[in-house]
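Structure assessment
The chain contents come next:
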Amino acid sequence: MPTSEKKASLANQSSEKLLSLLELLSTEEAPIRLSDLANRMDMNVSTVSRFLTTLQNRGYVTQNPDTGKYSMTYKICQLAHNLTSRMDLRGICLPYLHRISKIFDCTTNLITRYGYSVIYLEVVPGPQQILVPLQRIGKIAPLYCTGAGKLLLQELSDEEMNEYASDVNFERFTEHTICSIGELKRAVAEAAALGYAVDNEECELGTRCLAVPVYDYTGHINAAISINAPISKLTDEYILQNVDILKGIANEVSKTIGYSG
């Protein structure tokens, strides 16, 4: 290996080790000794000490003068704040939505919670569909009868769910619309177990919707990506065969906005 390539390879390895050390420190609930860090990292003490010195000089790590133990500072939170303050979920998701619409030839939606409703942040029609996205961007729909809503409701505690049920008016849009808190809780629990949710003609007869969650850096469901199509296409068999593809793409989005699960 040429000398320049060897140096670049060693630099990459050092960068990876430094980042691994930072990630390890972020998981520690209490300050930790240098020797314990070295053991956990399977690295020699002098190397870990050198990395820690760099992190201290940059303000990311502090050392207790009495115990000699190390812990992270909150400087990393400043980086996260800088990023999240500029983060445009719609802009991040748009390329993925176009990808999904091409794969499934379905209308693809980015949806998030808006009070006791869901709001469509972006809508991308399938290649063969004649739909003007602006007709639905900004559309509001109830949480209780949408696939995305069943995912977003997972973030509510049981007490909050009961409060929601007492405040919301369960309007019946079709014969399939969920109109009771018992039905809704069962549907939300099922969605949590499956990792996806289905709107089974609950908003509109003849149309089904398949929704998967998007997680943010805190591990909470921040939004949902969904596809909707006629029931003749979005059958139970079709969903079982294709849902993992949709979940995989949504997971890519989640990782892009900081999710590490």
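Provided above is the structure to which this section pertains.
So, how was this worked out
- Residues numbered from 1 in each chain as written.
- Predicted model: local features only at pLDDT ≥ 70, side-chain atom pairs only at ≥ 80, totals over all residues.
- Heavy atoms only, no water.
- Pairing = 2+ DSSP bridges.
- Helix = DSSP H or I, 4+ residues; strand = E, 2+ residues; numbered from the N terminus.
- Axes fitted to C-alpha atoms, helices over the stretch in contact; angles between N-to-C directions.
- Contact = heavy atoms within 4.5 Å.
- Salt bridge = Lys/Arg side-chain N within 4 Å of Asp/Glu carboxyl O.
- Buried < 20%, exposed > 50% of the residue type's maximum accessible area, 1.4 Å probe, protein only.
- Parallel < 35°, antiparallel > 145°, perpendicular 65-115°, else oblique.
- Nonpolar A, V, L, I, M, F, W, Y, C, P; charged D, E, K, R; others polar.

**Looking at the sheet that holds strand β5 (residues 140-142)**
The strand order β5-β4-β3-β8-β7-β6 describes an open sheet built from 6 strands, whose pairing is antiparallel. One side of each edge strand has no neighbouring strand; the edge strands of this open sheet are β5 and β6 (197-200). For this sheet the average axis-to-axis angle between neighbouring strands, irrespective of direction, equals 30°. As paired elements, strand β3 (residues 107-114) and strand β4 (residues 117-124) share 7 bridges and run antiparallel to each other. Counterpart to L110 in the pairing with β4 is E122. Across the sheet, helix α9 (residues 236-256) is in contact with β6, β7 (207-215) and β8 (221-230); its angle to β7 comes to roughly 30°.

**Examining the pattern of salt bridges**
Under the defined criterion, the tally for this structure stands at 7 salt bridges. When the shortest N-O distance is used, the salt bridge between R99 and E252 registers 3.0 Å. On the criterion of sequence distance, the pair formed by R99 in helix α5 (residues 89-104) and E252 in helix α9 is long-range, its members being 153 residues apart. E252 gets classed as partly exposed once you look at its relative accessible area, which sits at 32%.

**Notes on the packing of helix α2 (residues 34-41) against helix α3 (residues 45-57)**
Put simply, α2 and α3 touch, their axes get as near as 9 Å, and they point 110° apart. Between α2 and α3, the angle falls in the class roughly perpendicular. Here L34, L37 and A38 of α2 come into contact with α3, specifically with V45, V48, S49 and L52. Looking at the contact of α2 with α3, its residues break down into 6 nonpolar, 1 polar and no charged.

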